[in-house]
Amino acid sequence: MLVLGMGLMAAGTGFSRTSTAAATKPVKMVVLGDSLSAGYGLPASAAFPARLQKALKTNGIDVDMSNAGVSGDTSSGGRDRLDWSVPEGTEAVVVELGANDALRGTDPAVTRAALSDILTRLKARGVAVLLCGMLAPPNYGSDYSARFNAIYPDLAKSFGVPLYPFFLEGVVADARLKQADGLHPTAEGVDVIVKNILPTVEAFLGTLSGQRS
């Protein structure tokens, strides 16, 4: 288990207008992740997928959201359950995996290969992907951190998918936004994550809306 302005508003507004005309039904979206997105220690309504869905709805963007977060999962675990976690008909996936790999000191080559397989298989299915980055803790040294941290920007570039650089941005350094274990976000922490990632998700779904029109 893991124990761990204005321009953007305009972009979101633009999507909400075009999505109504372009799409007749909500986007089928899956968050494929570990306990950070699964909502470890929180009620289901406070988990990242539910809060993200609510924030998008507030901005006029309808998504049919599925929480495919599994506590303790690694990138390899996410790859192994990909087919049933991301069912046929899924149009968009937010991939949030790798934190457990980093905590366990998994060889970055293993993490890179697993995430690459996930992206390859989703691309082959025509599923759009937003990749969420993770940063290695400092205890494994600078060489490990450099190798691990490079995985996400490298894969985003090579696969041509959007990247949100660090899933825990705005939360990881604030103890008030973390549970007693010092690692998992509180409900307030999840809301900070959602607020920070929301413009990126809106831009991601805006591109998808153009493809659906």
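Residues numbered from 1 in each chain as written. Predicted model: local features only at pLDDT ≥ 70, side-chain atom pairs only at ≥ 80, totals over all residues. Heavy atoms only, no water.

*Asks:* Any chance you could break down the packing of helix H7 (residues 108-124) against helix H8 (residues 142-149) for me, citing the residues and the numbers?
*Replies:* At a minimum axis separation of 9 Å, H7 and H8 run at an interaxial angle of 10°. The pairing of H7 with H8 is recorded here as roughly parallel in orientation. Two secondary-structure elements touch here, H7 through Pro-108, Ala-109, Thr-111 and Arg-112 and H8 through Tyr-144, Arg-147 and Phe-148. Residue composition of the contact of H7 with H8, by class: 4 nonpolar, 1 polar and 2 charged. (Axes fitted to C-alpha atoms, helices over the stretch in contact; angles between N-to-C directions. Helix = DSSP H or I, 4+ residues; strand = E, 2+ residues; numbered from the N terminus. Parallel < 35°, antiparallel > 145°, perpendicular 65-115°, else oblique. Contact = heavy atoms within 4.5 Å. Nonpolar A, V, L, I, M, F, W, Y, C, P; charged D, E, K, R; others polar.)

*Asks:* Report on the environment of Ser-116, specifying residues and quantitative values.
*Replies:* By the secondary structure assignment, Ser-116 is in helix H7. For the pair Ser-116 and Leu-155, spaced 39 residues apart in the sequence, the C-alpha separation amounts to 6.9 Å. With near-sequence residues (within four places) excluded, Ser-116 lies in contact with Leu-155 and Phe-159.

*Asks:* Run through the packing of aromatic side chains, naming residues and quoting values.
*Replies:* Counting across every chain of the model gives 4 aromatic pairs. Look at Tyr-140 and Tyr-144: their rings are 5.2 Å apart centre to centre, the planes differ by 45°, and that puts the pair in the tilted class. Residue classification places Tyr-140 among the partly exposed positions, given a relative accessible area of 36%. A ring pair is formed by Tyr-144 and Phe-148, whose centres lie 6.1 Å apart and whose planes are at 15°; its orientation type is stacked. Placement of the pair is Tyr-144 and Phe-148 together in helix H8, with a separation of 4 residues, close to one helical turn. Assessed through its relative accessible area of 0%, Phe-148 is described here as buried. Grouping aromatic residues by their ring pairs yields a cluster made of Tyr-140, Tyr-144, Phe-148 and Tyr-152. (Phe/Tyr/Trp six-rings, centres within 6.5 Å; stacked < 30°, edge-to-face > 60°. Buried < 20%, exposed > 50% of the residue type's maximum accessible area, 1.4 Å probe, protein only.)

*Asks:* So what's going on with H7? Residues and values would help.
*Replies:* Between its terminal C-alpha atoms H7 stretches 24 Å, which fits the 24 Å expected from 17 residues at 1.5 Å a residue. Here H7 starts with a cap whose side-chain oxygen sits 2.9 Å from the backbone nitrogen of Ala-109, and that cap is Asp-107. Among the residues trailing H7, Gly-126 stands out with phi positive, at a value near 75°. (Expected span 1.5 Å × (residues − 1). Polar contact = N/O pair within 3.5 Å; in protein donor to acceptor, adjacent residues only side chain to side chain.)

*Asks:* Quick one: what's the story with the pattern of salt bridges, residue by residue and with numbers?
*Replies:* Applying the stated criterion across every chain yields a total of 11 salt bridges. Note that Arg-51 is salt-bridged to Asp-191, the shortest N-O span being 2.8 Å. Taken together, the residues span a long stretch of sequence, with Arg-51 in helix H3 (residues 48-58) and Asp-191 in helix H10 (residues 187-212) at a distance of 140 residues. Take Arg-51: its relative accessible area is 24%, and that puts it in the partly exposed class. One salt bridge connects Arg-125 with Glu-88, and the closest N-O pair in it is separated by 3.8 Å. Of this pair, Arg-125 sits in the loop between H7 and strand S4 (128-132) while Glu-88 sits in the loop between helix H5 (82-85) and strand S3 (92-96); the two residues are 37 residues apart in sequence, bridging distant segments of the chain. Put simply, Arg-79, Asp-80 and Asp-117 are held in one network by salt bridges that share partners. (Salt bridge = Lys/Arg side-chain N within 4 Å of Asp/Glu carboxyl O.)

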